[in-house]
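Structural overview for review
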Amino acid sequence: MSAGSAGPAPGPGPGPEPGPLCPEHGQALTWFCCSDRRPVCAACTEPGGRCRGHRIRPAGERAEELRSMASAARELVIQRLGLVRTLCETEEQRLLERVHGEEERAHQSILTQRVHWTEALQKLDTIRTSLVDMLTHTDDLQLIQKEQEIFERTEEAEGILDPQESKKLNFNETCAWSPLLTQLWATAALGSLSGTEDVRIDERTVSPFLQLSDDGRTLTFNAKKSKACADGPERFDHWPNALAATSFQSGLHAWMVNVQNSGAYKVGVALGQLPRKGSGSDSRLGHNACSWVFSRYDQEFCFSHDGQHEPLGLLRCPAQLGVLLDLQAQELLFYDPASGTVLHTHHASFPGPLFPVFAVADQTISIVH
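Residues numbered from 1 in each chain as written. Predicted model: local features only at pLDDT ≥ 70, side-chain atom pairs only at ≥ 80, totals over all residues. Heavy atoms only, no water.

Regarding the pairing of strand S5 (residues 218–221)
Our working rule: Each pair of strands is called paired provided DSSP finds at least two bridges between the two strands. What counts as a helix is a DSSP run of H or I of at least four residues, what counts as a strand is a run of E of at least two, and both are numbered from the N terminus.
Bridge count between strand S4 (residues 210–212) and S5: 3 bridges; the pairing is antiparallel. From the neighbouring strand, Leu-212 faces S5, where its bridge partner is Leu-219. Connecting S4 to the next strand, S5, in antiparallel fashion are 5 residues, including Gly-216 with a positive phi near 75°. As paired elements, S5 and strand S16 (residues 364–368) share 3 bridges and run antiparallel to each other. Residue pairing in the sheet places Leu-219 in a bridge with Ile-365 of S16.

A closer look at the packing of aromatic side chains
Put simply, the rule is: A pair of Phe, Tyr and Trp rings is counted when the ring centres sit within 6.5 Å of each other, with Trp represented by its six-membered ring. The angle between the planes then sorts it: under 30 degrees is stacked, over 60 is edge-to-face, the rest tilted. Exposure classes here rest on a 1.4 Å probe applied to the protein chains alone. A residue is buried below 20% of its type maximum, exposed above 50%, and partly exposed in between. Working rule: Lys NZ or Arg CZ, within 6 Å of ring centre, within 35 degrees of ring normal, means a charge sits over the ring.
With the rule as written, the count across this model stands at 5 aromatic pairs. Here the aromatic rings of Phe-303 and Phe-334 are separated by 6.1 Å at their centres, their planes lie at 55°, and the arrangement is tilted. Remark: Phe-334 occurs in strand S13 (residues 331–336) and Phe-303 occurs in strand S10 (residues 300–305); sequence separation between them is 31 residues. The exposure classification of Phe-303 matches that of Phe-334, with both residues buried. Feature note: the residues Phe-294, Phe-301, Phe-303 and Phe-334 constitute an aromatic cluster, connected by ring pairs. Sitting above the plane of the Phe-236 ring, Arg-276 keeps its charged end 5.3 Å from the centroid.

A closer look at the sheet that holds strand S3 (residues 56–58)
Two pairing modes exist for strands in a sheet, parallel and antiparallel, and in both the strands are linked by backbone hydrogen bonds. What counts, and what does not: Axis lines are fitted through C-alpha atoms, for helices just across the contact stretch, and the angle between N-to-C directions can take any value from 0 to 180 degrees.
Spatial ordering of the open sheet is given by S2-S1-S3, a layout of 3 strands whose pairing is antiparallel. One side of each edge strand has no neighbouring strand; the edge strands of this open sheet are strand S2 (38–40) and S3. For this sheet, the mean angle separating the axes of adjacent strands, direction not counted, is 40°. Where strand S1 (residues 31–33) lies against S2, 3 bridges are found, and the strand directions are antiparallel.

A look at the side chain of Arg-296
Applicable threshold: In the analysis that follows, any N or O atom pair within 3.5 Å is treated as a polar contact, provided that within protein one partner can donate a hydrogen and the other can accept it, and provided that, for residues neighboring in sequence, both atoms belong to side chains. Here a residue-residue contact requires only that any non-hydrogen atoms of the pair lie within 4.5 Å.
Its location among the elements puts Arg-296 in strand S9 (residues 291–297). Among the polar contacts listed, one links the side chain of Arg-296 to the backbone oxygen of Asp-298, at a separation of 2.6 Å. Residue contacts for Arg-296: discarding those within four places in its chain leaves Ser-262, Gly-263, Ala-264, Tyr-265, Phe-301 and Cys-317.

Remarks on the nonpolar core
To keep it simple, the criterion reads: What is meant by a nonpolar core is a set of buried Ala, Val, Leu, Ile, Met, Phe, Trp, Tyr and Cys residues, joined one to another through side-chain atoms within 4.5 Å.
The biggest cluster of nonpolar side chains holds 45 residues, and the ones touching the most others in it are Leu-219, Trp-255, Trp-292, Leu-325, Leu-332 and Phe-358. When residues in this core are grouped by element, the largest group, 6 residues, is from strand S15 (residues 354–360). Sequence-distant contacts of Leu-219, that is, excluding residues within four places in its chain, are made with Ile-201, Val-206, Leu-210, Gln-211, Leu-212, Ala-242, Phe-358, Val-360, Gln-363, Thr-364 and Ile-365. Ranked by size, the runner-up nonpolar core spans 9 residues in total, among them Trp-185, Ala-189, Leu-324 and Leu-333.

Thoughts on the state of the cysteines
In plain terms, the rule: Here, two cysteine sulfur atoms that lie within 2.5 Å of each other are counted as a disulfide.
Enumeration according to the criterion identifies 0 disulfides in this entry. We note that Cys-22 lacks a disulfide partner, and the nearest cysteine sulfur, in Cys-41, lies 3.7 Å from it.

Here we look at the pattern of salt bridges
The condition is simple: Any Lys or Arg side-chain nitrogen found within 4 Å of a carboxyl oxygen on Asp or Glu counts as a salt bridge.
Applying the stated rule across the entire model yields 15 salt bridges. Glu-65 is the partner of Arg-57 in a salt bridge, and the nearest nitrogen-oxygen pair spans 3.0 Å. Here Glu-65 falls in the partly exposed class, since its relative accessible area comes to 30%. The partner of Arg-74 in a salt bridge is Glu-75, and the shortest N-O contact between them spans 3.5 Å. On the accessibility criterion, Arg-74 (26% relative accessible area) is partly exposed. Classification of Glu-75 as partly exposed rests on a relative accessible area of 40%. The structure contains a network of salt bridges with shared partners spanning Arg-57, Glu-61, Arg-62 and Glu-65.

Considering the environment of Ala-359
Considering the arrangement of structural elements, one finds Ala-359 in strand S15. For the pair Ala-359 and Ser-207, spaced 152 residues apart in sequence, the C-alpha to C-alpha distance is 9.1 Å. Dropping the residues within four chain positions of it, Ala-359 is found in contact with Pro-240, Asn-241, Tyr-265, Lys-266, Leu-285 and Ile-365.

This is a description of form; function is not addressed.
Take a look at the structure:
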């Protein structure tokens, strides 16, 4: 073949594969319809399109939001695994110290017995020597001491809870709220933090239907309204409510309430602007936007917020109620310390500092410290 008849010069390489196209208009999916929660093309958003009047966002903006959510969820998982790991390491160290102490005790006991039997054998040897001439036809008895040492060894699982890095994030929002991880985290958090929160009730907020103990931790219901309580802007004047003296704006907080003596109570958190006056629902815990509570009435349990009541099918009445407030994750969790059961979790964007809040309409509840 002559030089002039050479084949055509190679063209440019294949370009990037085009992304998915709109099945209706054949255009690129560059927008995201928040109402239908799916990517759409520009033609879908125009008059006559199926997404006309819907809330539309650029697809890239939605993708960036998902990346941010994935990163936040990953950080949350790492944080909680870190706390669980710390508690596991502390428990492992405690067990190792107990094993080491038992080894020392066993070792000292063996040394003591060795000295005792050495002396005993020396005495027996002396007696045997003195009687050997008389008892030449008698078999010698030998006392044999067998010593057995038992050592318990504990193997470390170093690094098992370390999160594994990946070049490509696999975003699964439900992973951050794994029931197993949540239960492990709640157990670890209550075990490490429940004694550090000195939650006390603000006497100025206590309803006249309640009596507050001298230490500020026990509320007792009185059916007859007390006239000794001076009214003030902070006090609940109708519903048997009370707020704690301390609010939380950031971090992780845990406290426990003894509820075994009461058949009607509410425990949770509330904003400081929670209405205090009147018999309407505005000042009733769980019936307004300012409060989030776990409640019991007789044998019925529910979680309530803003007038929405979610029934909880509990198999047993908890004697104590653990409350965890994770303001980094914007999560409120109720927990039964006796059974290790997570009773309810609630995720919300809390709009401000939160106060522990309480209500009791039967007998007594007490903050555990």
